[in-house]
Amino acid sequence: MRKIINSTYISLDGVIENPQNWTPAYFQDEAAAYARELLFSCGALLMGRRTFDGFSQAWPAMEEAAGDFGVRMNRLPHYVVSDTLKKPGWGDTTAIPRSAAVAEITRLKERDGRDILQYGFGAVSRTLVRHGLLDELRLWIHPVFVGPADRAELLTRADFAASFELADTRTFATGVIVATYVPAAR
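Residues numbered from 1 in each chain as written. Predicted model: local features only at pLDDT ≥ 70, side-chain atom pairs only at ≥ 80, totals over all residues. Heavy atoms only, no water.

Enquirer: Any chance you could explain the environment of Gly14 here in plain terms?
Expert: Within the secondary structure, Gly14 is located in the loop between strand 1 (4-11) and helix 1 (29-41). Exposure remark for Gly14: the relative accessible area of 18% places this residue in the buried category. Residues Gly14 and Ile141 lie 127 residues apart in sequence; the distance between their C-alpha atoms is 8.9 Å. (Helix = DSSP H or I, 4+ residues; strand = E, 2+ residues; numbered from the N terminus. Buried < 20%, exposed > 50% of the residue type's maximum accessible area, 1.4 Å probe, protein only.)

Enquirer: Where do I start with the sheet that holds strand 8 (residues 177-183) in this structure?
Expert: Each strand in a sheet pairs with its neighbour through backbone hydrogen bonds, running either in the same direction (parallel) or in the opposite one (antiparallel). Strand order across the open sheet formed by eight strands is 4-3-2-5-1-6-8-7, with mixed pairing between neighbours. The outermost strands of the open sheet, each flanked by one partner alone, are strand 4 (93-96) and strand 7 (164-171). Averaged over all neighbouring strand pairs, the angle between strand axes comes to 25°, with direction disregarded. Bridging between strand 7 and strand 8 involves seven bridges; their strand directions are antiparallel. Residue pairing across strands places Thr171 opposite Ile177, the latter belonging to strand 8. Running at roughly 100° to strand 2 (residues 42-48), helix 1 makes contact with strand 1, strand 2, strand 5 (115-119), strand 6 (136-142), strand 7 and strand 8 of the sheet. (Pairing = 2+ DSSP bridges. Axes fitted to C-alpha atoms, helices over the stretch in contact; angles between N-to-C directions. Contact = heavy atoms within 4.5 Å.)

Enquirer: So what exactly am I meant to see when it comes to the packing of helix 1 against helix 2 (residues 49-75) here?
Expert: Between two packed helices, both the angle of their axes relative to each other and the distance between the axes serve to describe the pair. The contact between helix 1 and helix 2 brings their axes to 10 Å, and the two run at 35°. When you trace helix 1 past helix 2, the crossing you get is left-handed. On helix 2, the residues that touch Ala35, Arg36, Leu39 and Phe40 of helix 1 are Asp68, Phe69, Arg72 and Met73. (Left-handed = near helix turned anticlockwise from the far one by under 90°.)

Enquirer: Before we go on, may I ask you to explain helix 2 in this structure?
Expert: Each turn of an α-helix holds 3.6 residues, which means side chains three or four residues apart point in the same direction. For helix 2, built from 27 residues, the straight-helix expectation of 39 Å at 1.5 Å per residue is missed by more than 12%, its first-to-last C-alpha distance being only 18 Å. Along its length, helix 2 shows its largest kink, about 145°, at Ala66. Along helix 2, the residues classified as buried are Phe52, Phe55, Ser56, Trp59, Phe69, Gly70, Arg72, Met73 and Asn74. (Expected span 1.5 Å × (residues − 1). Bend = angle between axes of the 7 residues up to and from the residue.)

Enquirer: Just checking my understanding: could you explain the layout of surface pockets for this structure?
Expert: One water molecule sets the probe size; rolling that probe over the atoms shows where empty space is left. Of the voids in this model, the largest pocket is the one considered here, and its volume is about 1,300 Å³. Around the largest pocket, the lining is made up of 40 residues, and of these Pro19, Thr51, Phe55, Tyr119 and Gly120 lie nearest the centre. Of the residues forming the lining of the largest pocket, the biggest block, 11 residues, is contributed by helix 2. The residue inventory of the lining of the largest pocket, partitioned by class, reads 20 nonpolar, 12 polar and eight charged. (1 Å grid on protein atoms, 1.4 Å probe; cavity = no way out; pocket = protein on both sides within 12 Å on 5 of 7 lines; lining within 4 Å. Points joined across faces, edges and corners; volume = space filled by probe spheres on them. Nonpolar A, V, L, I, M, F, W, Y, C, P; charged D, E, K, R; others polar.)

Here it is, written out as structure tokens:
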């Protein structure tokens, strides 16, 4: 069975929103190699609508500059959970209605192939956790306080709780720690 691996950038104060504004200084050779290894070990991308919108606008234009990483981002099968996406327009993209998400993602996991990668942590991620579908959570902890924003997107939600166990850590010279967690045994 394929695993679903979530990869999320997070600040010390729990912010996950707009990482392009606060992560570039920390994305050096080690982080790039780790991100590449993760992307190339997976055979599909799973995302929510907000992540899809950002990626589908950015990655086609970055393919040449990002080399084979950009090519891989654009050419992998993409699965996006959305009730409103009608014409995805980004490579091999399949829209999954929210009402069918758990069943469809369960079927995706059961297919042969490489693992499934999910970037960012939002409603889709919480659904995966609630239904036992998320296998790994890789938090890229950046040594920065982003500070309060009017409505900063945080990792936590009042209506969501889950327990995880530390499975691995990787520390980069920039101070970024990638902490890999697996769901705690129930």
